[in-house]
Amino acid sequence: IGGGSGFVGQSLSQLLRKRGHKVTIISRKPGEQKITWGDVTKKGLPPCDAVVNLAGENVLNPLRRWTEQFKKEVIASRIETTRTLSEAIAQSESPPRSWVLVTGVGYYPPSQTQQYTENSSGGDADFLSRLVKDWEDVAELPLVDGKSVTQLSKVRSGVVLGRNGGALPTMLWPFRLCLGGTVGSGRQPFPWIHIDDLCRLLCHTIEQEGICGVLNAVSPSSASDTNADFTRALSKALGRPALFFTPAFAVQLLLGNDRAPMLLEGQRVVPERTLQSGFNFLYPDLDSALAELLS
């Protein structure tokens, strides 16, 4: 697992080990059950059945200004790690059966009305959309005798909700202080997924034969959920009012033109192929997800 030391990586590793898998983390630093990115570049991959890449600098890190340097770090942390893994898979004498890249629903153009399935076009709407396209492109593997030995799954995730990381912990304290509220208009779509469902979906793609191509990792209710819906659900779950709102201009001043749309705009995404693959969500709506996360 590339990026296996992060929020999603830790949860995925734990679940895989529970299911009887042996997990090796690819990290910047060596350690127990770890290899480094330099090891992969120089020596290739160790024997394995699957490779997952979760690596990527947090685009919305509030402690980092949106400078050209940080922008380059955001791009390189995704593109270069993915290229390293795809080249290692292509050069492997015994390539893995499954190659799973986790990207984002930012691939699809922001819209309050258009619904997107895995077959919808995108990749050219804004900075994030172009980044996801380039990111996914470098994951492609060369064909051998007209076919690929390793099946590639591109898992486009929405906002990941979890107790110990991701977006939710930073959202909780304003609500607990009765300062919570919507961001911008509140009408922007809010594609999301519970951390447990994302990790279960990744296991599903690894363990099941024939699951490849694009899979939208969003809850079934994401097609209709908005920022205002999330605000109401969180307010209800915490028993706190949500009377305030963050104006759009404040978000733009804080994050800049490339990053602000990630909070002020959104995509109505449907997990069509994900459901067709036989995957069942434990938390299909905001009420069930927040009830579990805040229990």
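Since the model is a prediction, treat every value here as computed from it, not as a measurement. (Residues numbered from 1 in each chain as written. Predicted model: local features only at pLDDT ≥ 70, side-chain atom pairs only at ≥ 80, totals over all residues. Heavy atoms only, no water.)

## Considerations on the packing of helix α1 (residues 7-18) against helix α6 (residues 195-207)
The contact between α1 and α6 brings their axes to 9 Å, and the two run at 60 degrees. One finds that α1 runs oblique with respect to α6. Classified by chirality, the crossing of α6 by α1 is right-handed. On α6, the residues that touch F7, V8, S11, L12, L15 and L16 of α1 are I195, L198, C199, R200, L202, C203 and I206. (Axes fitted to C-alpha atoms, helices over the stretch in contact; angles between N-to-C directions. Helix = DSSP H or I, 4+ residues; strand = E, 2+ residues; numbered from the N terminus. Parallel < 35°, antiparallel > 145°, perpendicular 65-115°, else oblique. Left-handed = near helix turned anticlockwise from the far one by under 90°. Contact = heavy atoms within 4.5 Å.)

## Comments concerning the sheet that holds strand β3 (residues 50-53)
Sheets are built from strands paired through backbone hydrogen bonds, the pairs being either parallel or antiparallel. The strand order across the open sheet formed by four strands is β3-β4-β6-β10, and the pairing between neighbours is parallel. Both outer strands of the open sheet, β3 and β10 (213-217), are each paired with one neighbouring strand and no more. This sheet shows a mean twist of 20 degrees between the axes of neighbouring strands, independent of strand direction. Contacts between helix α3 (residues 68-91) and the sheet are confined to β3 and β4 (98-104), with β3 contributing the most and set at about 170 degrees to the helix. (Pairing = 2+ DSSP bridges.)

## Some words on the nonpolar core
Ranked by internal contacts, the top residues of the largest apolar core, which has 32 residues, are V40, L45, L85, W99 and Y108. At the level of secondary structure, the elements contributing two or more residues to this core comprise α2 (37-43), α3, β4 and α4 (127-137). Look past the residues within four positions of L85 in its chain and what remains in contact with it is I26, W37, V40, L45, V51, N53 and W99. I1, L202, I211 and A217 belong to the second-largest nonpolar core, a separate cluster that totals 25 residues. (Core = buried A, V, L, I, M, F, W, Y, C linked by side-chain atoms within 4.5 Å. Buried < 20%, exposed > 50% of the residue type's maximum accessible area, 1.4 Å probe, protein only.)

## A word on the UniProt feature "domain: NAD-dependent epimerase/dehydratase" (unreviewed entry) in the protein
Under the UniProt annotation, the feature "domain: NAD-dependent epimerase/dehydratase" (unreviewed entry) is placed at residues 3-120. Helix makes up 36% of residues 3-120 and strand makes up 16%, while its end C-alpha atoms are separated by 28 Å. (UniProt positions renumbered as here; feature names shortened; annotations may be inferred.)

## Here we look at the packing of α3 against α4
α4 packs onto α3 with a crossing angle of 25 degrees between their chain directions and a minimal axis gap of 9 Å. It follows that α3 is roughly parallel to α4 by the angle criterion. Pair α3 / α4 crosses with right-handed handedness. Between α3 and α4, the contacting residues are K71, V74, I75, R78, I79 and T82 on the first element and F127, L131, D134 and W135 on the second. Partitioned by chemical class, the residues of the contact of α3 with α4 number six nonpolar, one polar and three charged. (Nonpolar A, V, L, I, M, F, W, Y, C, P; charged D, E, K, R; others polar.)

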